[in-house]
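Letter by letter, the chains look like this.
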Amino acid sequence: MLRVTNTTRGTIVGDSIELADTSLKRMFGLLGRRGLDAGAGLWIKPSSGVHTFGMAFKIDVVGLDRDLKVIKIWRCLVPFRVTSVSLKLKSVIELPCGAIALAQTQVGDQLQIEAT
């Protein structure tokens, strides 16, 4: 598990974040789950965008550049949607709906990711 900290705001984005860094893990992502607990999430690396086809719940999505700087935010993305795709995006973190607001995360913030 990983802990994601917003070092700009001094907040915890998530403390039970899973890593999806293989083709299989990225392909299945959060499919088949009924939701995410508070503090949980999925760091998809690499990724230039995400979709919510087949999902049963809304998610927050944080788009990161190679230095883990927030460059795009999608709040409470509903099922059966697609985010925009950007070559600037190098990874994304999928979180429970409302997690972005809770951690006060904004575009331009710097995140830190470490093993717990």
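See the structure printed just above.
All figures in this text were calculated on a predicted structure; none of them were measured in a lab. (Residues numbered from 1 in each chain as written. Predicted model: local features only at pLDDT ≥ 70, side-chain atom pairs only at ≥ 80, totals over all residues. Heavy atoms only, no water.)

Colleague: Explain the pairing of strand E6 (residues 91-96) to me, using residue names and the numbers behind them.
Modeller: In the case of a regular strand, side chains alternate between the two sheet surfaces. Most of E6 sits out of view: six of its six residues are buried. Bridge count for strand E4 (residues 59-64) against E6 is six bridges, and the pairing is antiparallel. In the sheet register, Gly-63 faces E6, and the bridge partner there is Val-92. (Buried < 20%, exposed > 50% of the residue type's maximum accessible area, 1.4 Å probe, protein only. Helix = DSSP H or I, 4+ residues; strand = E, 2+ residues; numbered from the N terminus. Pairing = 2+ DSSP bridges.)

Colleague: Account for the pattern of salt bridges, with residues named and values stated.
Modeller: Two side chains bearing opposite charge may form a pair once their charged atoms approach each other closely. Across all of its chains, the model carries two salt bridges by this definition. Ionic pairing is found between Arg-9 and Asp-109, a salt bridge with its closest N-O pair at 3.0 Å. With Arg-9 in the loop between strand E1 (2-6) and strand E2 (11-20) and Asp-109 in the loop between helix H2 (99-102) and strand E7 (111-115), this pair connects stretches of sequence that are 100 residues apart. Relative accessible area serves as the criterion here: at 2%, Asp-109 is assigned to the buried category. A salt bridge links Arg-33 to Glu-18; the nearest nitrogen and oxygen atoms lie 3.0 Å apart. With Arg-33 in the loop between helix H1 (23-28) and strand E3 (40-44) and Glu-18 in strand E2, this residue pair connects regions lying 15 residues apart in the sequence. (Salt bridge = Lys/Arg side-chain N within 4 Å of Asp/Glu carboxyl O.)

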